[in-house]
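Listed below, chain by chain, are the residues.
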Amino acid sequence: MSIIKQVIRYIPGTLIPALLTLLSTIVFTKILTTSEYGIYMLGLSAINILTSVFAEWLKQSIARYLPGVEEDDKVINIKNSILISLFLLLVIILVISLLLTPIFFSNIYLYGIIVFSTIFNIFYFIFLVVLQSQLKAGMYSLFNLLLSVLKLIIPIFLIWLLENSAQQILVGNMLALIIVTIPMFMYIKFDLLKALRSYNHLETNKQIKAFFSYGLPMLMFFLSAQLLNSGDRFIISFFYSSEQVGIYSANYTLIYGGIGLVSTPFILALSPIIMKYKKLNESSKVQNLISKMTTYYLLGAIPVIVLIFLIGNEIVSLLINNKYTTSNQLIGVISIGFVLWQLSIYGHKVYEVSDKTFKMMIYSIITAVVNIFLNLIFVPIFGIVGAAWATLISYLLYSGLVYYGSQKFLPWIIPWKIWINIFSALILGLIGINLITKCGFSSGTIVNKLVLFIVYLTIYISYLLMFYWRKLKTLVKQRNGVY
């Protein structure tokens, strides 16, 4: 199945949930105070970080070993290994949670919510990656959509029934996870009894060891990634307050969700396909596919960043309460950082297919340490804008490490000539709108800013077409069967 078809099948399960996540942000920021919303985001960040610590090694191992496996006995063995691994994880989490209970006893209710939300979050994402690995894009989309709907409806019902608080939203999210994971378990056709009976089988133990060997470096990578995405919230809370966390998180979530609308379906579709190429030892196809996807993503992302710099704050003001608005600079910096992160995700696929996950781990740890260091310097001086700059610099560092590190084994091919033309188009477009504003065109209203964006986009597209018009015509003719 082509990557475009896979992307299309993932769109309902990523586009609609992403829109619902944005809607949830709009609703919850209107219902909660900035301080209470900050507490909610801190709780959510804790759940995401804990999920990475306990589950990412298994998620990435499933994505590595399950795609392309068609023999029934091998599929059953992998599923049994997944269930045993999940059972061991559950035991470890519960034991650690009980040992730590006295420390968090003063806020035991919130602590319990975080612990059990983490457990069901792990189940959900493990089941989801199984569906992705078996190219069950339709069911992946269905369950992802169902969870997003329930994560909006149940918290609103609890808030209406009880009180406006962050804890009600977190409880609602946990209940939504419980409701969705049960039918997911049944659909995947896990057999718990067979899995437990296979605990001492040689093949099962071998598979679990393979999971651990491949996935352990990935655990550190995704833990570092979560610290990059969420760690700054805790630093902002330390130096300022949960109110500033709420303002920063609301803007970050809107940008993260908005740009992710476009990028997520492509990344989901890309992973199992390149793993199939890996099994066929077709490294050149892996390189070419990653190179193309990276370029296409950059091509589409740059106009989005320009639009965000122009009208980002106005959009935030329209979507959520004015108390969360800050500046276009903050929103623009966040958007550049996220685009850099997405580019690096495409790039580090060459590490995944080459089993170089240890290198990914080292790069991610370096980047996370640098990010924490920069946040500790920037946040006290520049506030939440400093946190955004620290994240952007860290993402840029990681992208650079991934690119230069890959040259030693399976290079992440970047077509620099095309990228230079893309950035040249960007610069010309910015010069164009700058000249218009200097000639007296006002950029004070959102309508005028949209006019400036249309001018920029016209220059951007026209410049690129000037270079690639012939190539575009050739591709169209080939698709129409002329050649």
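Values in this document were obtained by computation on a predicted structure and should not be read as measured data.

*Asks:* What is the right way to read the packing of helix 13 (residues 357–382) against helix 14 (residues 384–406) from this model?
*Replies:* The relative placement of two packed helices is expressed as an angle between their axes plus a distance between the axes. Relative to each other, helix 13 and helix 14 sit at 160 degrees, their axes nearing to 8 Å. Between helix 13 and helix 14, the angle falls in the class roughly antiparallel. Helix 13 and helix 14 meet at a crossing whose hand is right-handed. For the contact of helix 13 with helix 14, the per-class residue count stands at 18 nonpolar, 8 polar and no charged.

*Asks:* Honestly, empty space enclosed by the protein in this entry has me stumped. Any pointers?
*Replies:* In this approach the atoms are scanned with a rolling probe the size of a water molecule, which exposes any empty space left behind. Evaluated as defined, the whole model comprises 2 cavities of 30 Å³ or more. The volume enclosed by the second largest cavity comes to roughly 40 Å³. Tyr248, Tyr252, Val333, Ile334, Gly337, Ala388, Thr391, Leu392 and Tyr395 are the residues that line the second largest cavity. Contributions of two or more residues to the lining of the second largest cavity are made by helix 9 (242–279), helix 11 (328–347) and helix 14. It is helix 14 that contributes the most residues to the lining of the second largest cavity, 4 residues altogether. Residues of the lining of the second largest cavity, tallied by class, amount to 7 nonpolar, 2 polar and no charged.

*Asks:* Can you help me understand the pattern of salt bridges in this one?
*Replies:* Two side chains of opposite charge can pair, provided their charged atoms sit close to one another. Counted under the stated rule, the structure contains 2 salt bridges. Glu56 is paired through a salt bridge with Lys59; the nearest N and O atoms lie 3.2 Å apart. Of the two residues, Glu56 and Lys59 are both situated in helix 2 (residues 34–65); the distance of 3 residues between them amounts to about one turn of the helix. As far as burial versus exposure is concerned, Glu56 and Lys59 are alike and both buried. Of the charged contacts in the structure, one is a salt bridge between Asp232 and Arg233, with a shortest N-O distance of 3.1 Å. Pair check on accessibility: Asp232 and Arg233 agree, each one buried.

*Asks:* When you look at the packing of aromatic side chains in this model, what are you seeing that I'm missing?
*Replies:* Centre-to-centre distance and the angle between the planes together describe a pair of aromatic rings. A complete count under the given rule lists 23 aromatic pairs for this structure. With a centroid separation of 4.9 Å and an interplanar angle of 75 degrees, the aromatic rings of Tyr351 and Phe409 are classed as edge-to-face. Of this pair, Tyr351 sits in helix 12 (residues 349–353) while Phe409 sits in the loop between helix 14 and helix 15 (416–438); the two residues are 58 residues apart in sequence, bridging distant segments of the chain. Relative to Tyr404, the ring of Tyr403 has its centre 5.0 Å away and its plane inclined at 80 degrees; by these criteria the two rings are edge-to-face. Judged by relative accessible area, Tyr404 falls into the exposed class, the value being 61%. Sitting over the face of the ring of Tyr252, Arg233 holds its NZ or CZ atom 4.3 Å from the ring centroid.

*Asks:* Explain the environment of Ile119 to me, please; I cannot follow it from the model alone.
*Replies:* Mapped onto the fold, Ile119 is located in helix 4 (residues 108–133). Distance in space between the C-alpha atoms of Ile119 and Ile93 is 7.8 Å, their sequence separation being 26 residues. Excluding residues that lie within four positions of it along the chain, Ile119 makes contacts with Leu90, Ile93 and Leu94.

*Asks:* Just checking my understanding: could you explain the nonpolar core for this structure?
*Replies:* Among soluble globular proteins, nonpolar side chains are generally buried collectively. Judged by nonpolar contacts, the single largest core of 128 residues is most densely connected at Ile82, Ile126, Tyr248 and Trp341. Sorting elements by how many residues they give to this core places helix 4 first, with 15 residues. Beyond its immediate stretch of four places on either side in the chain, Tyr248 contacts Asp232, Arg233, Ile236, Leu330, Ile334, Ile384, Ala387, Ala388 and Thr391.

*Asks:* I keep staring at the packing of helix 4 against helix 5 (residues 137–161) and nothing clicks. Help me out?
*Replies:* Two elements in contact, helix 4 and helix 5, have axes whose closest approach is 9 Å; the angle formed by their N-to-C orientations is 155 degrees. Judged by the angle between their axes, helix 4 and helix 5 are roughly antiparallel. Side by side, helix 4 and helix 5 meet where Tyr124, Leu128, Leu131 and Gln132 of the first sit next to Met139, Tyr140, Phe143, Asn144 and Leu147 of the second. Classifying every residue of the contact of helix 4 with helix 5 gives 7 nonpolar, 2 polar and no charged.

*Asks:* Looking at this structure, I do not really get the confidence of the model for the protein. What am I missing?
*Replies:* Residues at a pLDDT of 70 or more form 86% of the protein, whose mean pLDDT is 80. For the protein, per-element mean pLDDT is lowest for helix 1 (residues 3–31), which scores 70, and highest for helix 6 (residues 166–188), which scores 91.

*Asks:* Looking at this structure, how should I read a nonpolar patch on the surface?
*Replies:* A cluster of nonpolar side chains, contributed by Phe87, Leu88, Val91, Ile92, Val95, Ile96, Leu99, Leu100, Ile103 and Phe104, occupies part of the molecular surface with about 890 Å² of accessible area. Inspection of the secondary structure puts Val91 in helix 3 (residues 72–100). Residue class for Val91 comes out partly exposed when judged on its relative accessible area of 39%.

What counts and what doesn't
Residues numbered from 1 in each chain as written. Predicted model: local features only at pLDDT ≥ 70, side-chain atom pairs only at ≥ 80, totals over all residues. Heavy atoms only, no water. Axes fitted to C-alpha atoms, helices over the stretch in contact; angles between N-to-C directions. Helix = DSSP H or I, 4+ residues; strand = E, 2+ residues; numbered from the N terminus. Parallel < 35°, antiparallel > 145°, perpendicular 65-115°, else oblique. Left-handed = near helix turned anticlockwise from the far one by under 90°. Nonpolar A, V, L, I, M, F, W, Y, C, P; charged D, E, K, R; others polar. 1 Å grid on protein atoms, 1.4 Å probe; cavity = no way out; pocket = protein on both sides within 12 Å on 5 of 7 lines; lining within 4 Å. Points joined across faces, edges and corners; volume = space filled by probe spheres on them. Salt bridge = Lys/Arg side-chain N within 4 Å of Asp/Glu carboxyl O. Buried < 20%, exposed > 50% of the residue type's maximum accessible area, 1.4 Å probe, protein only. Phe/Tyr/Trp six-rings, centres within 6.5 Å; stacked < 30°, edge-to-face > 60°. Lys NZ or Arg CZ within 6 Å of the ring centre and 35° of its normal. Contact = heavy atoms within 4.5 Å. Core = buried A, V, L, I, M, F, W, Y, C linked by side-chain atoms within 4.5 Å. pLDDT = per-residue confidence, 0-100. Patch = residues over 30% accessible without salt bridge, like charges linked within 9 Å, V, L, I, M, F, W, Y side chains within 5 Å. Areas by Shrake-Rupley, 256 points an atom, 1.4 Å probe, with all protein chains shown as cover.

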